[in-house]
Amino acid sequence: MIYWIWLTKIPGIGPVMQKELLRVFKTPESVFDASSVELLKCTGLGKEKLKLIEKARSNHRILESSKRIVKDLEKHNIKLLTYDDNLYPSMAKEISDSPVLLYYKGHIRKESMGVAIVGARRCSSYGKRVVVDAASHLAKHGIPVISGMAKGIDSYAHTVCVKESGYTIAFLGNGLDKVYPSEHTSLMEEIIDNGAVISEYEPGVSPKKEHFPKRNRLISGWANKLLVVEAGVKSGALITAELAKKYGRQVYVVPGEIYSVESAGCNNLIAQGAEVFLCVDQLFMDDRDNRELAENRQMGSSEYIDSLKELDKKILQVLGKYQEIGIGELCGIIGSNDEEILERLVMLEIGGRVVVRGDMARLRE
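*Asks:* Outline the packing of helix α8 (residues 125-140) against helix α9 (residues 153-163), listing residues and values.
*Replies:* At their nearest, the axes of α8 and α9 sit 8 Å apart, and the two run at 35° to each other. As α8 packs across α9, the resulting crossing turns out to be right-handed. Where α8 approaches α9, its residues Gly127, Lys128, Val131, Val132, Ala135, Ser136 and Ala139 are matched on the opposing element by Ile153, Tyr156, Ala157, Val160 and Cys161. Counted by class, the contact of α8 with α9 contains 9 nonpolar, 2 polar and 1 charged residues.

*Asks:* Please give an account of unusual backbone geometry that cites residues and values.
*Replies:* Cis rather than trans, the peptide bond between Tyr180 and Pro181 has omega equal to -5°. Along the chain, Pro181 falls in the loop between β5 (168-171) and α10 (185-194). Its identity is not glycine, yet Lys26 carries a phi of approximately 75°, on the positive side. Structurally, the position occupied by Lys26 is in the loop between α2 (15-25) and α3 (28-33).

*Asks:* Let's hear about the packing of helix α11 (residues 211-221) against helix α12 (residues 236-246): which residues, and what values?
*Replies:* For the pair α11 and α12, the least separation of the axes is 9 Å and the interaxial angle reads 50°. Looking at the two axes, α11 sits oblique to α12. As for how α11 packs across α12, the hand of that crossing is right-handed. Contacts between α11 and α12 involve Pro213, Asn216, Arg217, Ile219 and Ser220 on the former and, on the latter, Gly236, Ile239, Thr240, Leu243 and Ala244. Its residues assigned to classes, the contact of α11 with α12 shows 5 nonpolar, 4 polar and 1 charged.

*Asks:* A description of the packing of aromatic side chains should follow, citing residues and the corresponding values.
*Replies:* The tally for this structure, following the rule as stated, stands at 6 aromatic pairs. Judged by centre distance (5.3 Å) and plane angle (65°), the ring pair of Phe171 and Trp222 falls under edge-to-face. Taken together, the positions of Phe171 in strand β5 and Trp222 in the loop between α11 and β7 (223-228) put the pair 51 residues apart, joining distant regions of the chain. Comparing Phe171 with Trp222, the two get one shared label, buried. One aromatic cluster in this structure is built from Tyr83, Tyr88, Phe171 and Trp222. For Lys93, the ring lying beneath its charged end belongs to Tyr83, and the centroid distance is 5.2 Å.

Rules used throughout
- Residues numbered from 1 in each chain as written.
- Predicted model: local features only at pLDDT ≥ 70, side-chain atom pairs only at ≥ 80, totals over all residues.
- Heavy atoms only, no water.
- Axes fitted to C-alpha atoms, helices over the stretch in contact; angles between N-to-C directions.
- Helix = DSSP H or I, 4+ residues; strand = E, 2+ residues; numbered from the N terminus.
- Left-handed = near helix turned anticlockwise from the far one by under 90°.
- Contact = heavy atoms within 4.5 Å.
- Nonpolar A, V, L, I, M, F, W, Y, C, P; charged D, E, K, R; others polar.
- Parallel < 35°, antiparallel > 145°, perpendicular 65-115°, else oblique.
- Phe/Tyr/Trp six-rings, centres within 6.5 Å; stacked < 30°, edge-to-face > 60°.
- Buried < 20%, exposed > 50% of the residue type's maximum accessible area, 1.4 Å probe, protein only.
- Lys NZ or Arg CZ within 6 Å of the ring centre and 35° of its normal.

Structure follows, in structure tokens:
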């Protein structure tokens, strides 16, 4: 693990180049041992970056610092999640600047992608009610609740999930030997018992203003969907929403009163075309599903839900017969159109049942 830490400590070598080095040399130790000629085989590694790596190898302080960090990890019961670990979600890995190394406490389950819930630190009773409803439903359905353990919306999301015996992940902007905010000490312990706290910062690193936008990219990256509950015009939740859209995640925004400061950022997102959050089912299905579901609920009908369950069963039965199958072929076997099957595959993937990559689908192992 020392060389994983060493790789992340090379000044001027960020996640993109770190991944390229790992692509070529497979392990950080091989990067450390590689010759200058071998290193230049990496795409984008010119003479300037080569000098940075060579300097990091000759500068024993970086390696010694990495060894000290390993000792701190043992002291504080902190574990490492490396880029080659199968617990590192593939969708999170696909983000260009995702860290090659993360520190965590608790346990990371095999399917840890979930729904992120973010919002204002100063939230209204309306915002609290939305969070309680959303986080409770997600926890009961076994879908991870992702947030940042900040005051307000974030902390409510984690707390509700824990009370419902759900799985939750908190991404922090500091080392895991510190609690920020300090009043969330017991909450952090509960999250560790029921999920994980994760950070890209080693023990000893204090929370800094510039850390939190970087933390927000991890929240967005590990989310299948993002729910913005309340956010002012300068809220960090808006950064999270912007990143989620960049990563191709579905973003839902709770509409608020036009005179509410806490809802100004949310209302602006909606005005710019964001999806309006109307019911918790949107966190499980796509938007069209939920419009039709809402209509059927108003009519008091359960036929629509039953039809969805039947189609899901057919999809899972077919996937069970193949190691991997093209979506077009899947549609032909079932006798449904591409759009309908894709919609159900998205929901099944969010629920942790299937994996969709490009135009291929398979059961999740």
